[in-house]
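Breakdown of the fold
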Amino acid sequence: MKIQLAIISDIHANIVALDEVLADIKKSGVTQIYCLGDLVDFAPWGNEVIARIQERNIPCLLGNHDQRIAFDEPIIPLPHHDAIETVNRDIAINLSKNDITAAHKKWLATLPYNIELTFKVGNHLRKILLVHASLHSNDEYIHESTPKADLSVQLRERAIDILVMGHTHHSYVQRTEEVLFINCGSVGRSKEKDRKASYTLVTLTEENIEAKIVKVDYPIEEVVAAIYHSDIPDFYGDFLRTIESN
């Protein structure tokens, strides 16, 4: 017996990338899809992304960007952003605050912070915890280099086998003795060198738990052009075009 899940995160209003990822998931034959949040900000299709997630009935978490829009929370500068990004971030988020419909804000406000899934596979119960950023915060960054010992203890106390996260926009699969840690990366605003959309495919069997990061090409220039022709700062189009070589 085999159970497969596709997990996506951090679409950031990029409907073009989202549609390519959903098409890739459909092609793979996987029917269970979960989203870890951050549907809005930085591309022109925040409302369209929300509508697509609703249309597909994809269970979705409340990301930190969604939370700010849903509850009209203040924009707090981030220490790892320089002055240029800070200014552009303020403009982009304020555009979302104005553009996202009241109905969509109301829907975002109903989303959960985490989802715990338990599957029976043969004689085994497999438990998966989905979070946007971390167990206790929607803003904490858990990178591949982040020490996992204390986190593993907390998860094993809850009999969690797999923790799946987003938020950092960097994908990884990291296996410890106790827990499988997964970051599924970002669909719409990857910070990885290739800028491709990414998602995670999790496979559960009686014998094992497997996860792989799937990278999907999408027409980045189409998104860049749409950003340039919108009120969103060109900064976010330029970012998508910056394919890093180092």
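Up top is the structure.
Here is a short report on the structure shown in this document. Just so it is clear, the structure is predicted and the values come from calculations on it, not from any experiment.

Here we come to the sheet that holds strand S8 (residues 197-205). Pairing is mixed in the open sheet, where four strands are placed in the order S2-S1-S8-S9. Looking at strand neighbours, the two that pair on one side only are strand S2 (32-35) and strand S9 (209-216), the edges of this open sheet. In this sheet, neighbouring strand axes are inclined to one another by 25 degrees on average, regardless of whether the strands run parallel or antiparallel. Relative to S8, helix H1 (residues 15-28) is tilted by about 25 degrees, and along the sheet it contacts strand S1 (2-8), S2, S8 and S9.

As a further point, take the packing of helix H7 (residues 220-228) against helix H8 (residues 234-241). Here H7 crosses H8 at 165 degrees, and the two axes come no closer than 8 Å. Taken together, H7 and H8 sit at an angle that is classed as roughly antiparallel. Two packed elements cross with a definite hand, and for H7 against H8 that hand is left-handed. Where H7 abuts H8, its residues Ile220, Glu221, Val223, Val224, Ile227 and Tyr228 lie against Asp234, Tyr236, Gly237, Asp238, Leu240 and Arg241. Residue classes in the contact of H7 with H8 are distributed as seven nonpolar, one polar and four charged.

Of note, Asp10 is a non-glycine position whose phi angle comes to about 55 degrees, a positive value. Along the chain, Asp10 falls in the loop between S1 and H1. The buried category is assigned to Asp10, whose relative accessible area is 0%. In this structure, Ala159 is a non-glycine residue whose phi angle is positive, near 60 degrees. The partly exposed category is assigned to Ala159, whose relative accessible area is 33%.

The next subject is empty space enclosed by the protein. Counted under the stated rule, the structure contains one cavity of 30 Å³ or more. Of the residues contributing to the lining of the largest cavity, the split by class is four nonpolar, three polar and two charged.

A few words on the packing of H1 against helix H2 (residues 46-55). Axis separation between H1 and H2 bottoms out at 9 Å; the angle between their running directions is 25 degrees. Regarding the angle of H1 to H2, the classification is roughly parallel. Two secondary-structure elements touch here, H1 through Ile15, Leu18, Asp19 and Leu22 and H2 through Glu48, Val49, Arg52 and Ile53. Split by residue class, the contact of H1 with H2 holds five nonpolar, no polar and three charged.

Burial within S8 is extensive, with nine of its nine residues counted as buried. Alternating positions in S8 separate into two faces, Ala197, Tyr199, Leu201, Thr203 and Thr205 on one and Ser198, Thr200, Val202 and Leu204 on the other, with burial throughout. Relative to S9, S8 runs antiparallel, the two sharing eight bridges. The partner of Tyr199 across the bridge, within S9, is Val214.

Time to look at the pairing of strand S3 (residues 114-121). Only one face of S3 is buried: it carries Ile115, Leu117, Phe119 and Val121, and the other face, with Asn114, Glu116, Thr118 and Lys120, is open. Sheet topology note: the S3/strand S4 (residues 124-131) ladder contains eight bridges and is antiparallel. Paired with Glu116 across the strands is Leu129, a residue of S4. Taken together, S3 and the strand that follows it, S4, pair antiparallel across an intervening segment of two residues, in which Gly122 is found at a positive phi of about 65 degrees.

Another point: the nonpolar core. By size, the foremost hydrophobic cluster in this structure holds 49 residues, and its most contacted members are Ile8, Leu18 and Leu39. Non-local contacts of Leu39, meaning those with residues more than four positions away in its chain, are made with Ile11, His12, Ala13, Val49, Ile50, Ile53, Cys60, Asp66, Trp107 and Leu108. Core analysis: the second largest hydrophobic core is formed by 21 residues, Ile128, Leu130, Ile162 and Ala211 among them.

All right, on to the sheet that holds S4 then. Here five strands make up an open sheet; going across it, the order is S3-S4-S5-S7-S6 and the pairing mixed. Both edges of this open sheet fall to S3 and strand S6 (172-175), since each of them pairs with a single strand only. Each adjacent strand pair in this sheet contributes to an overall mean axis angle of 15 degrees, direction not counted. Sheet strands in contact with helix H6 (residues 149-157) are S4, strand S5 (162-165) and strand S7 (180-183), and its direction is about 110 degrees off that of S7.

About the criteria used
- The written sequence of each chain sets the order in which its residues are numbered from 1.
- Given that the model is predicted, a residue must reach a pLDDT of at least 70 before its local features are reported, and side-chain atom pairs must reach 80 or more before they are shown or counted; all residues, however, enter totals for whole chains, interfaces and linings.
- By convention in this description, side-chain values take in all heavy atoms of the structure and omit both hydrogens and water.
- Two strands pair if DSSP finds at least two bridges between them.
- Strands here mean DSSP runs of E at least two residues long; helices mean DSSP runs of H or I at least four residues long; both are numbered from the N terminus.
- Simply put, an axis is a line fit to the C-alpha atoms, just over the touching stretch for a helix, and the angle between two N-to-C directions goes from 0 to 180 degrees.
- Pairs of residues are marked as contacts when any of their non-hydrogen atoms sit within 4.5 Å.
- Roughly parallel means an angle under 35 degrees; roughly antiparallel means over 145; roughly perpendicular covers 65 to 115; every other angle is labelled oblique.
- Each crossing gets its handedness from the near helix: less than a right angle anticlockwise from the far helix is left-handed, clockwise is right-handed.
- Residue type decides the class: Asp, Glu, Lys and Arg count as charged, Ala, Val, Leu, Ile, Met, Phe, Trp, Tyr, Cys and Pro as nonpolar, and the leftover types, Gly among them, as polar.
- Buried, partly exposed and exposed residues are distinguished by accessible area as a fraction of the type maximum, computed with a 1.4 Å probe on protein chains only: under 20%, between the cut-offs, and over 50%, respectively.
- Two kinds of site are reported from a 1 Å grid over the protein atoms alone, namely cavities, where a 1.4 Å probe fits but cannot get out, and pockets, open sets with protein on both sides within 12 Å along at least five of seven lines, and residues are called lining when an atom falls within 4 Å of a point.
- Grid points are joined across faces, edges and corners, and a volume is the space filled by probe spheres set on the points.
- Throughout, nonpolar core names a set of buried Ala, Val, Leu, Ile, Met, Phe, Trp, Tyr and Cys residues whose side chains join them through atoms within 4.5 Å.

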